[in-house]
Amino acid sequence: HDEMFNAGPTVLLEKQTDLQMSVLYASSNVESLLGASSKEGLKKSYLNWVYPEDVAIVRETLLQAYRDEKTTVEMVYRLKTNENSGFLWIYDLSHILYNSTGKPTVLRGYITSVHAQKTAEKNATDLIQSVPEAIFVLDLDGNIINANRAAEILLGCDRASLMNKLFSYWLEVESFELYEQMKRKYLSDKKPPEEKSSRLNSLYLRNSQGTRVSVEIGFNRIELKGEPLLVQVVRYVTLQMQTQQQL
């Protein structure tokens, strides 16, 4: 085991399927995750290393896998550590070994740190939430995968109501074609639409209360976990449009 895992980032941990998940084997590179040697790792049950807030979900996920007689289970959760604000995010791919009677006996877990990735995701979310204008993060199919509080206020609904819905669902019919043209142009040119044309061609949304809202939309492209995403900055310009009409 050791020759295979010492040189790489993946740690091998074999655990019993008892209540505390007693550690049977830990590859010697386990110190990179636990801050403890493989010998020290064997002295504690595995659940003692799991971050307290994640113990219940880890245990329930495994129990469900046993009930479903699965042979593998994937989990992302935190381990306790003296660094990284007291925890380390890890990805755990565990193979479940059963005895001849069908009872699970051993968990063979291949564990890799995903802390940098999870931290980047949190930083991106914190940044989105700090922006005063409405921000919608879309996949390239147009589905909303993240939004800030200003976006909730703009559309008059909570974040859960926005998730995994097409942004175009909120567009007025006459704005749909222009919006799609702007988005396609940005994705092909990778340049934001000119500010001048953005002002001349206002877009209209219909919020959850049925109110028509005039907006301008700016685009930015980011990549998260290797996936290209579209960040839309949506500016509320209804009052500005009304003022211009009165002049």
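In this report, we go over the structure that sits alongside the text. (Residues numbered from 1 in each chain as written. Predicted model: local features only at pLDDT ≥ 70, side-chain atom pairs only at ≥ 80, totals over all residues. Heavy atoms only, no water.)

1. Comments concerning unusual backbone geometry
Part 1 of the argument: One non-glycine residue, methionine 21, adopts positive backbone phi at about 60 degrees.
Part 2 of the argument: Look at methionine 21 and you get buried, because its relative accessible area is 6%.
Part 3 of the argument: Phi is positive for glutamate 69, close to 55 degrees, though the residue is something other than glycine.
Part 4 of the argument: Note that glutamate 69 resides in the loop between helix H4 (55-67) and strand S3 (72-80). (Buried < 20%, exposed > 50% of the residue type's maximum accessible area, 1.4 Å probe, protein only. Helix = DSSP H or I, 4+ residues; strand = E, 2+ residues; numbered from the N terminus.)

2. With respect to the pairing of strand S7 (residues 144-147)
Part 1 of the argument: In this sheet, S7 lies alongside strand S6 (residues 134-138) in antiparallel orientation, the contact comprising three bridges. Its bridge partner being in S7, phenylalanine 136 is matched across the sheet by alanine 147.
Part 2 of the argument: Connecting S6 to the next strand, S7, in antiparallel fashion are five residues, including glycine 142 with a positive phi near 95 degrees. (Pairing = 2+ DSSP bridges.)

3. Side note on H4
Part 1 of the argument: Here H4 is 13 residues long and its end C-alpha atoms lie 18 Å apart, about the 18 Å a rise of 1.5 Å per residue gives.
Part 2 of the argument: Residues of H4 that are buried: Val55, Val58, Leu62, Ala65 and Tyr66. The buried side chains of H4 occupy one side of the element, clustering within an arc of 105 degrees when seen end-on. Turned more than 90 degrees away from the buried face of H4 sit Ala56 and Ile57, all of them exposed.
Part 3 of the argument: Contacts from the buried residues of H4 go to S3, strand S4 (87-98) and strand S5 (104-113).
Part 4 of the argument: Glutamate 69 lies just past H4 and shows a positive phi near 55 degrees. (Expected span 1.5 Å × (residues − 1). Arc of directions from axis to C-beta. Contact = heavy atoms within 4.5 Å.)

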